[in-house]
Amino acid sequence: MIWDHLLARLRGTANTEPLPEPDEKLALGALLVRVAKSDNSYHALEIGEIDRILSETFGLNPIEAAKLRATCEKLESAAPGTPDFALLIRETVDYPHRLEVAHKLFQVIEADGKHLPVEDESLHEIEAMLGIKPEDSPAGPA
């Protein structure tokens, strides 16, 4: 039994809890994680900024925000694509609040002090899916 569990963990087939269905909180968190990873790096500064945004946006304490981010990281890595998250937010959140989402995404991009063109491309792609007008983008028009 112990060996079976160990082998399953080594193979990556151990029983894991199923991921929750995305809601607005998880969709926002997953988009924040995705934009942070868009430059193929994921720095502690970006993680801290995501936690701060989740805490501030949803009234969470630091532990709750970190747990939510951890769930969002798992969801982001397992999710098929950005459109699912963006569509969930677009369908349930009004334009001014979607624009706030774009600004939060931009904060994460700038958190590590390195602002790369690939990050702007990722942001503009997400903004288009969110229905954000290019002239309203915090990064400026594409």
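None of these values were measured; they are calculated from a predicted model. (Residues numbered from 1 in each chain as written. Predicted model: local features only at pLDDT ≥ 70, side-chain atom pairs only at ≥ 80, totals over all residues. Heavy atoms only, no water.)

Brief notes about the overall build of the protein chain
In terms of helices and strands, the protein chain carries seven helices and zero strands. Seen in sequence order, the protein chain has helices and strands lined up from the N terminus as α-α-α-α-α-α-α. The 142 residues of the protein chain split such that 40% are buried. (Helix = DSSP H or I, 4+ residues; strand = E, 2+ residues; numbered from the N terminus. Buried < 20%, exposed > 50% of the residue type's maximum accessible area, 1.4 Å probe, protein only.)

A closer look at the confidence of the model for the protein chain
Of the residues in the protein chain, 87% have a pLDDT of 70 or more, and the chain-wide mean is 86. Ranking the elements of the protein chain by mean pLDDT puts helix H1 (residues 2–11) last with 46 and helix H3 (residues 44–58) first with 96. Counting interchain partners and residues more than four positions distant, the pLDDT-below-50 stretch residues 5–10 has three contacts. (pLDDT = per-residue confidence, 0-100. Contact = heavy atoms within 4.5 Å.)

A short note on the layout of surface pockets
Roughly 160 Å³ of internal volume is contained in the second largest pocket. Looking at the second largest pocket, the residues that line it are Glu24, Leu28, Thr57, Phe58, Ile89, Val93, His97, Glu100, Val101 and Lys104. Of all elements in the fold, only helix H2 (24–36), H3 and helix H6 (95–111) reach the threshold of two or more residues within the lining of the second largest pocket. Among the elements that line the lining of the second largest pocket, the one with the most residues is H6, at four residues. Within the lining of the second largest pocket, the residues separate by chemical class into five nonpolar, two polar and three charged. (1 Å grid on protein atoms, 1.4 Å probe; cavity = no way out; pocket = protein on both sides within 12 Å on 5 of 7 lines; lining within 4 Å. Points joined across faces, edges and corners; volume = space filled by probe spheres on them. Nonpolar A, V, L, I, M, F, W, Y, C, P; charged D, E, K, R; others polar.)

A few points about the packing of H6 against helix H7 (residues 117–130)
Following both chains from N to C, one finds H6 and H7 inclined at 165°, their axes separated by 11 Å at the closest point. Our classification of the angle between H6 and H7 gives roughly antiparallel. When the axes of H6 and H7 are compared, the crossing they make is right-handed. In contact with Arg98, Val101, Ala102, Leu105, Phe106 and Ile109 of H6, H7 contributes Glu119, Asp120, Leu123, Ile126, Glu127 and Leu130. Class assignment for the residues of the contact of H6 with H7 results in eight nonpolar, no polar and four charged. (Axes fitted to C-alpha atoms, helices over the stretch in contact; angles between N-to-C directions. Parallel < 35°, antiparallel > 145°, perpendicular 65-115°, else oblique. Left-handed = near helix turned anticlockwise from the far one by under 90°.)

Examining the nonpolar core
Judged by nonpolar contacts, the single largest core of 33 residues is most densely connected at Leu32, Ile50, Phe85, Ile89, Leu105, Val108 and Leu130. Counting only elements with at least two residues in this core, the list comes to H2, H3, helix H4 (62–78), helix H5 (82–92), H6 and H7. For this core, the element with the highest residue contribution is H2, accounting for nine residues. If we ignore the near neighbours within four places in the chain, the residues touching Ile50 are Leu32, Val33, Ala36, Tyr42, Arg69 and Val108. (Core = buried A, V, L, I, M, F, W, Y, C linked by side-chain atoms within 4.5 Å.)

Regarding unusual backbone geometry
Peptide bonds are trans in most cases, and residues, glycine excluded, mostly fall at negative phi. A positive phi angle is found at Asn40, which is not glycine, with a value near 65°. Here Asn40 is to be found in the loop between H2 and H3.

A short note on H6
Spanning 17 residues, H6 covers 24 Å between terminal C-alpha atoms, matching the ideal 24 Å at 1.5 Å per step. Burial in H6 covers these residues: Arg98, Leu99, Val101, Ala102, Lys104, Leu105, Phe106, Val108 and Ile109. Contact partners of the buried residues in H6: H2, H3, H5 and H7. With its phi angle positive at about 80°, Gly113 sits one or two positions after the end of H6. (Expected span 1.5 Å × (residues − 1).)

Some remarks on the packing of aromatic side chains
For the structure shown, the criterion picks out zero aromatic pairs. In this structure, Lys37 packs its charged tip against the face of Tyr42, placed 5.2 Å from the ring centre. The ring of Tyr95 carries Lys133 above its face, with NZ or CZ at 5.4 Å from the centroid. (Phe/Tyr/Trp six-rings, centres within 6.5 Å; stacked < 30°, edge-to-face > 60°. Lys NZ or Arg CZ within 6 Å of the ring centre and 35° of its normal.)

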